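Next come the chains, spelled out residue by residue.
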Amino acid sequence: MTETVLHALRFTLFAASLATLLVMIPGTGLAWLLARRDFAGKQFVSTLVSLPLVLPPTAVGYLLLRTFAVNGWLGVGTLGFDLNVILTWKAVVIANAVMATPLIVRTARVSFEGVDPRYESMARTLGHGRLSTLFRYTIPLAGRGLVAAMILGFTRAVGEFGTTIILAGNIPGRTQTLSTAIFSAQQAGREDEANFLLGVALVVGFAAIFITEYLSHKQSGGGAQQQ
């Protein structure tokens with residue numbers, strides 16, 4: 001295994017982990033709002049968050065590229081200083097975060113919706129405030145689903161290709177990830193390298209789905225027992 005491949009694997013895990021961590025807290029908060037509160041524009045917000053699921057990843061990448069371009073919303077011409085995102089490791093993290101957000105928010109929302117509101121009402125009658133009820137009861141009861149959301153988001157980030165290659169490129173040793181390394185190896189006819197990277201991707205994907213299914217089964221089973 002070459003140093004370039006090792007870097008791609010290490011960098012993929014780093015970027016996917018960082019992107020998942022950056023999305024989990026605001027994503028969980030947004031999921032709770034969508035599950036528990038009615039507000040103006042709720043359907044619009046829910047649709048906007050889910051948009052990367054239905055758009056081609058290259059289209060999302062192009063939108064991000066326009067956003068961080070010189071005259072984009074977050075470009076040097078608008079902000080007055082350069083965020084230095086395009087074709088850097090930050091671009092990979094941002095691409096991963098954007099593509100992981102829909103899975104994290106939607107899965108977390110379903111988890112919160114699966115928590116019986118009566119438990120929250122009982123906690124309020126016992127003197128717990130909104131925040132205390134949220135952190136002491138709602139989040140623990142939705143815990144398995146939140147872990148599943150994190151795993152799915154991480155796995156989506158690991159497998160991201162289209163958005164990443166548009167915004168960050170495919171620079172060996174700098175922005176190359178697992179998915180872009182597979183593409184490069186296949187294009188160059190390095191079958192052994194491509195097969196090895198494919199095997200890594202299959203293992204990560206299978207493990208993530210298996211764990212998510214296990215957690216979903218346990219949560220649904222627990223809910224059935226409570227009823």
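Structure's up top.
Computed from a predicted model, the values in this text were never measured in an experiment. (Residues numbered from 1 in each chain as written. Predicted model: local features only at pLDDT ≥ 70, side-chain atom pairs only at ≥ 80, totals over all residues. Heavy atoms only, no water.)

**Regarding the packing of helix α1 (residues 3–36) against helix α5 (residues 89–113)**
Put simply, the test is: Only the stretch in contact is used when fitting a helix axis, every axis being a line fitted to C-alpha atoms; angles between N-to-C directions are given from 0 to 180 degrees. Secondary structure follows DSSP: runs of H or I at least 4 residues long count as helices, runs of E at least 2 residues long count as strands, and numbering of each begins at the N terminus. Crossings are sorted by hand: turned counterclockwise from the far helix by less than a right angle, the near helix makes the crossing left-handed, and turned clockwise it makes it right-handed. Only Asp, Glu, Lys and Arg are considered charged in this grouping, and only Ala, Val, Leu, Ile, Met, Phe, Trp, Tyr, Cys and Pro are considered nonpolar; every other residue, Gly among them, is considered polar.
In contact at an axis separation of 6 Å, α1 and α5 are set at 35 degrees when each is read in the N-to-C sense. Judged by the twist between their axes, the crossing of α1 over α5 is right-handed. Taken together, the residues that form the contact of α1 with α5 break down as 22 nonpolar, 5 polar and 3 charged.

**Considering a nonpolar patch on the surface**
Defined as follows: The patches reported here contain residues having more than 30% relative accessible area and no salt bridge. Joining distances are 9 Å for like charges and 5 Å for nonpolar side chains (Val, Leu, Ile, Met, Phe, Trp, Tyr). Calculation of accessible area relied on Shrake-Rupley with a 1.4 Å probe; when residues are assessed, cover is drawn exclusively from the protein chains displayed. A side-chain nitrogen of Lys or Arg and a carboxyl oxygen of Asp or Glu constitute a salt bridge if their distance falls within 4 Å. Each residue gets one of three labels from its accessible area relative to the maximum for its type: buried under 20%, exposed over 50%, partly exposed in between, using a 1.4 Å probe on protein chains only.
On the surface, F44, L48, L51, L53 and V54 cluster together into a nonpolar patch covering about 500 Å² of accessible area. Within the element layout of this structure, V54 appears in helix α2 (residues 42–54). Among the residues examined, V54 registers a relative accessible area of 64% and is labelled exposed.

**A look at the side chain of T163**
Convention followed: Any N or O atom pair separated by 3.5 Å or less is treated as a polar contact, with the protein-specific requirement of one donor-capable and one acceptor-capable atom, and with residues adjacent in sequence counted only for side-chain atom pairs. Note on definitions: a residue-residue contact is assigned when non-hydrogen atoms from the two residues lie within 4.5 Å.
Inspection of the secondary structure assignment puts T163 in helix α9 (residues 162–167). Look at T163 and you get buried, because its relative accessible area is 0%. Polar side-chain contacts of T163 include one of 2.9 Å to the backbone oxygen of P57. Setting aside residues up to four positions removed in sequence, T163 forms contacts with P57, T58, V60, G61, L64, A95 and M99.

**Notes on the packing of helix α6 (residues 117–125) against helix α7 (residues 130–141)**
Helix-helix packing is characterised by the crossing angle of the two axes and by the distance between the axes. Direction vectors running N to C along α6 and α7 enclose 145 degrees, while the axes themselves pass 10 Å from each other. The hand of the α6/α7 crossing is right-handed. Along the contact surface, α6 presents Y119, E120, A123 and R124, while α7 presents R130, T133, Y137, T138 and L141. When the residues that make up the contact of α6 with α7 are grouped by side-chain class, the tally is 4 nonpolar, 2 polar and 3 charged.

**A word on the packing of aromatic side chains**
As a reminder of what qualifies: Geometry of aromatic contacts follows a simple scheme: Phe, Tyr and Trp rings, the Trp one being its six-membered ring, pair when their centres are within 6.5 Å, and the pair is stacked under 30 degrees between planes, edge-to-face over 60, tilted otherwise.
Tallied over the full model, the rule gives 4 aromatic pairs. In this structure an aromatic cluster arises from ring pairing among F11, F14 and W89.

**Remarks on unusual backbone geometry**
Here the phi dihedral of N84 falls at roughly 50 degrees; this positive angle occurs in a residue that is not glycine. Following the sequence through the fold, N84 ends up in the loop between α4 (76–79) and α5. Although it is not a glycine, L87 adopts a positive phi angle of roughly 65 degrees. As for its placement among the helices and strands, L87 is situated in the loop between α4 and α5.

**Structural notes on the environment of A91**
Tracing the backbone through its elements, the reader meets A91 in helix α5. Residue classification places A91 among the buried positions, given a relative accessible area of 0%. Placed 77 residues apart in sequence, A91 and A168 show a C-alpha to C-alpha distance of 5.1 Å. Those residues in contact with A91 that lie beyond four places of it in its chain are V85, I86, L167 and A168.

**Description of helix α10 (residues 178–187)**
All of the buried residues in α10 are L178, S179, T180, A181, S184 and A185. Just downstream of α10 lies G189, where phi reads positive at about 80 degrees.

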